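Notes for the structure review
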Amino acid sequence: MAPQNTLLQARRFRWWEPVFWLLAFAAPLALPSHALIVNEIAIVALFALSLDLILGYTGIVSLGHAAFFGMGGYAAALFAKHVMPDPLVGLAVGIAAATVLGAVASLTIMRGTDLTRLMVTLGVGLIMLELANKLDWLTGGADGLQGVMMGPLLGRFEFDLYGRTAAWYSLSVLLVLFLIARRIVQSPFGATLKAIRDNRLRAMAIGIPVTAKLAQVYTLAAALAGAAGALLTQTTGFASLDLFEFHRSADVMLILVIGGAGWLYGGILGAVGFKLLQDVISSVTPQYWTFWIGLFLVVLVLVGRDRLFRPWTWFGGKKA
Amino acid sequence: MSNNIVLSAQGLVKRFGGITATNNVTLNLHKGARHALIGPNGAGKTTLINLLTGVLEPTEGRITLEGQDITRLAPHQRVQRGMVRTFQINQLFDTLTPLETLALTVSQHQGLGGKWWQPLGARKAVTERCEQLLEQFHLTSVMAEETRVLAYGKRRLLEIAIALACEPRVLLLDEPVAGVPAGEREELLQTVAALPADVSVLLIEHDMDLVFSFANRMTVLVNGTVLTEGDPDTIANDPQVKAVYLGHGEDAHV
């Protein structure tokens, strides 16, 4: 096959992709009582997609990705409360705020090793948490930001108590941003990111301005994380310090580990798996669900994802 | 004469704490040259390459590329100005295929590295150049396989193909045949011999067969300084050079 066709073949949609999205959009209709969790999954999936761009595609580890999630969330909530209640304009404001923060924070991840990046991103996350706590005249502090009322989506669709509008809103935003991200990772820009991930020294040696690319992708990922945060505060009508909490940054990393980093569906499938697991286990043992999640993760990492999800290979013996 | 010099290092010094790895090295690479840099292990050849390419910053001295001072430029800026290197130890993109690797390198060179909306490989100019390079470096048959699974000889070829995909005017080859098994060696030697004539090449190599068949000028580096420079015949008969190499030879026989 000619090189051009071989390269372009990677862009084609697989048969299961439209099926997957149709099922996702049908879920709030088919399972009306579960629309709220569909909404939550879509939001977490978008957040994981964002982390995948920097972790899976560029190799930047982060334990503070919630900084951008929270920034987008608070910005959208404050905008709805004080300026105007339109969801889409609020979403744009949330994205813009997180983008600015991402551009500034990208200065901290350009140098150093994985370990220093873990520390620095963790630090930025903690700073944002403490700022939101201290600026209580603006954010409501530990009480959270109450009384966020959203207007109807596109001026027509009111957010209902069952979360159907919310679910479709979040799914639509997820789909649009997913398609953009998909386009980006298949572009020459996306290829330079993978080159940096695989071998930073060689990436420089073929003329790639590595620090500029790192800044760009970090800012882009911050924008997507901000969108996810904005969706959460808009669809729940509430913003609290929980948006910035460390467990969010950690959970989203676990989600990528479950789903697989370095392919865009990893974050989405990981989010589905993680949230369902959390939902099922916590309804069985509300107090100990983290134990089971922890156990699952240990098994996943020890056995390996490929083998764990292919049980028929467990007893086949070793092949060369 | 001086107009003919494409790459010039003047009085380069590099100290690591108390150790002087490069001591007042002056080196001129002429246009279209096949210039070999030889010397025993620890002579400072790789340090010199790292200084030229910008991985290390010199303590003293100055580097010019086509008349312009590049001493303080970042590595990727020197590449954009036409000076490209290969590595003694393969530095490849393990999870990409050779085709993806070359497509990305060619795109970057053609100024498309920042394009984020069109797919990699959408431009005919990129894919046609990739096709040529794959052909030239005997990589067509493995173009869609992940780089990490390729045979060592193929990986070595890709190492050089990547450098050529940057369309260098100055090419620094750091031990291109190091570690290549005998069966895969011929392929590699041919491609090195077939490098475009207008590309000026600085070759670092231990393999004396390759050096003497390839180079038309040689510099001998010992203990971080230039011992001597000249054409291959002069170097081969130079008593100082013989002493350096034969000295090692005698040690090896003991």
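All values derive from a computational prediction rather than experimental measurement.

**Section: the overall build of chain B**
Looking only at helices and strands, one finds nine helices and 10 strands in chain B. Relative to the compact-globule value of 18 Å for 254 residues, chain B shows a C-alpha radius of gyration of 19 Å, a close match. With 254 residues in all, chain B has 45% of them scored as buried.

**Concerning the domain arrangement of chain A**
Split by domain assignment, chain A resolves into domain 1 (27-271) and domain 2 (285-320). On a C-alpha basis, the centres of domain 1 of chain A and domain 2 of chain A stand 28 Å from each other.

**Looking at the pairing of strand β2 (residues 19-30) of chain B**
Residue and element names in this part refer to chain B. The pairing of strand β1 (residues 5-16) with β2 spans eight bridges and is antiparallel. Directly across from isoleucine 5, in β2, lies its bridge partner histidine 30. Between β1 and β2, which follow one another and run antiparallel, lie two residues, and glycine 17 among them has a positive phi close to 60 degrees.

**Thoughts on the packing of helix α3 (residues 35-55) of chain A against helix α11 (residues 210-236) of chain A**
All names here are of chain A. Running from amino to carboxyl end, α3 crosses α11 at an angle of 170 degrees, the nearest separation of the two axes being 8 Å. Considered as vectors, α3 and α11 are oriented roughly antiparallel to each other. On α11, the residues touching Asn39, Ile43, Leu46, Phe47, Leu49, Ser50, Leu51, Leu53 and Ile54 of α3 are Val217, Tyr218, Leu220, Ala221, Leu224, Ala225, Ala227, Ala228, Leu231, Leu232 and Thr235. Of the residues contributing to the contact of α3 with α11, the split by class is 17 nonpolar, three polar and no charged.

**What to know about the interface of chain B and chain A**
Each partner contributes residues to the interface: chain B has 37 residues there, and chain A has 27 residues. Elements represented by at least two residues in the side of chain B that touches chain A include exactly α2 (75-80), α3 (98-109) and α4 (124-136) of chain B. No other element matches the eight residues that α3 of chain B contributes to the side of chain B that touches chain A. Class assignment of the residues belonging to the side of chain B that touches chain A gives a composition of 19 nonpolar, 13 polar and five charged.

**Examining the sheet that holds β1 of chain B**
Residue and element names in this part refer to chain B. Overall, antiparallel pairing links the four strands, which are arranged β2-β1-β4-β5 in an open sheet. Here the strands that pair on one side only, and so sit at the sheet edges, are β2 and β5 (68-69). Across the sheet, helix α1 (residues 45-53) touches β1, β2 and β4 (60-65), and the angle it forms with β2 is around 65 degrees.

**With respect to the nonpolar core**
With 162 residues, the main nonpolar core has Leu46 of chain A together with Ala161 of chain B as its most contacted residues. No other element matches α3 of chain A, which puts 15 residues into this core. Apart from residues lying up to four places away in sequence, leucine 46 of chain A is in contact with Val173, Leu174, Leu177, Leu224, Ala227 and Ala228 of chain A.

**Points about the sheet that holds strand β3 (residues 34-38) of chain B**
Residue and element names in this part refer to chain B. Sheet architecture is open: six strands sit in the order β6-β7-β8-β3-β9-β10, paired in mixed fashion. The open sheet terminates on both sides in strands that have one partner only, identified here as β6 (83-85) and β10 (225-230). Geometrically, the sheet is characterised by an average inter-axis angle of 20 degrees between neighbouring strands, direction not taken into account. Pairing of β6 with strand β7 (residues 170-174) involves three bridges; the strand directions are parallel.

**Some remarks on the environment of glutamate 167 of chain B**
One can find glutamate 167 of chain B in the loop between α5 (152-165) and β7. Placed 161 residues apart in sequence, glutamate 167 of chain B and valine 6 of chain B show a C-alpha to C-alpha distance of 15 Å.

**Focus: unusual backbone geometry**
All names here are of chain B. Even without glycine at this site, glutamate 66 takes up a positive phi of about 50 degrees. Topologically, glutamate 66 is positioned in the loop between β4 and β5. Assessed through the 15 C-beta atoms surrounding it within 10 Å, glutamate 66 is described here as partly exposed. You will see that glutamate 175, though not glycine, has its phi angle at about 45 degrees, which is positive. The residue glutamate 175 is located in the loop between β7 and α6 (182-193) in this model.

**Describing the environment of valine 149 of chain B**
Residues and elements named next belong to chain B. Turning to its location among the elements, valine 149 is positioned in the loop between α4 and α5. The exposed category is assigned to valine 149, around which 11 C-beta atoms lie within 10 Å. Taking C-alpha positions, valine 149 is 32 Å from leucine 48, a pair spaced 101 residues apart along the chain.

**Structural notes on the pairing of strand β8 (residues 200-204) of chain B**
All names here are of chain B. Counting buried residues in β8 gives five out of five residues, a clear majority hidden from the surface. Side chains of β8 alternate between two faces, with Ser200, Leu202 and Ile204 and Val201 and Leu203 buried alike. As paired strands, β3 and β8 are joined by four bridges and run parallel to one another. Bridge pairing in β8 links leucine 37 to isoleucine 204. Pairing of β7 with β8 involves five bridges; the strand directions are parallel. Along β8, the bridge assignment pairs aspartate 174 with isoleucine 204. Where the polypeptide runs from β7 across α6 and back to β8, its parallel neighbour, the crossover connection is right-handed.

**With respect to the confidence of the model for chain B**
All names here are of chain B. Scored by pLDDT, chain B comes out at a mean of 88, with 95% of its residues at no less than 70. The low-confidence segment residues 249-254, where pLDDT is below 50, has zero contacts with residues more than four positions distant or belonging to other chains. Interface scoring of the predicted complex returns ipTM 0.87; its pTM is 0.89.

**Quick word on helix α4 (residues 66-82) of chain A**
Helix length check: α4 of chain A (17 residues) gives 24 Å between terminal C-alpha atoms against 24 Å at 1.5 Å per residue, within 8%. By the criterion of burial, α4 of chain A is predominantly enclosed, with 16 of the 17 residues buried.

**Overview of the environment of leucine 131 of chain A**
Within the element layout of this structure, leucine 131 of chain A appears in helix α6 (residues 114-134). For the pair leucine 131 of chain A and valine 120 of chain A, spaced 11 residues apart in the sequence, the C-alpha separation amounts to 16 Å.

Calculation rules
- Residues numbered from 1 in each chain as written.
- Chains lettered and ligands numbered in written order.
- Predicted model: local features only at pLDDT ≥ 70, side-chain atom pairs only at ≥ 80, totals over all residues.
- Helix = DSSP H or I, 4+ residues; strand = E, 2+ residues; numbered from the N terminus.
- Rg over C-alpha atoms; globule rule 2.2 N^0.38 Å.
- Buried ≥ 20, exposed ≤ 12 C-beta atoms within 10 Å, placed from the backbone.
- Domains from an automatic or database assignment.
- Pairing = 2+ DSSP bridges.
- Axes fitted to C-alpha atoms, helices over the stretch in contact; angles between N-to-C directions.
- Parallel < 35°, antiparallel > 145°, perpendicular 65-115°, else oblique.
- Contact = placed C-beta atoms within 7 Å.
- Nonpolar A, V, L, I, M, F, W, Y, C, P; charged D, E, K, R; others polar.
- Core = buried A, V, L, I, M, F, W, Y, C linked by C-beta atoms within 7 Å.
- Right-handed = clockwise from strand over helix to strand, strands pointing away.
- pLDDT = per-residue confidence, 0-100.
- Expected span 1.5 Å × (residues − 1).

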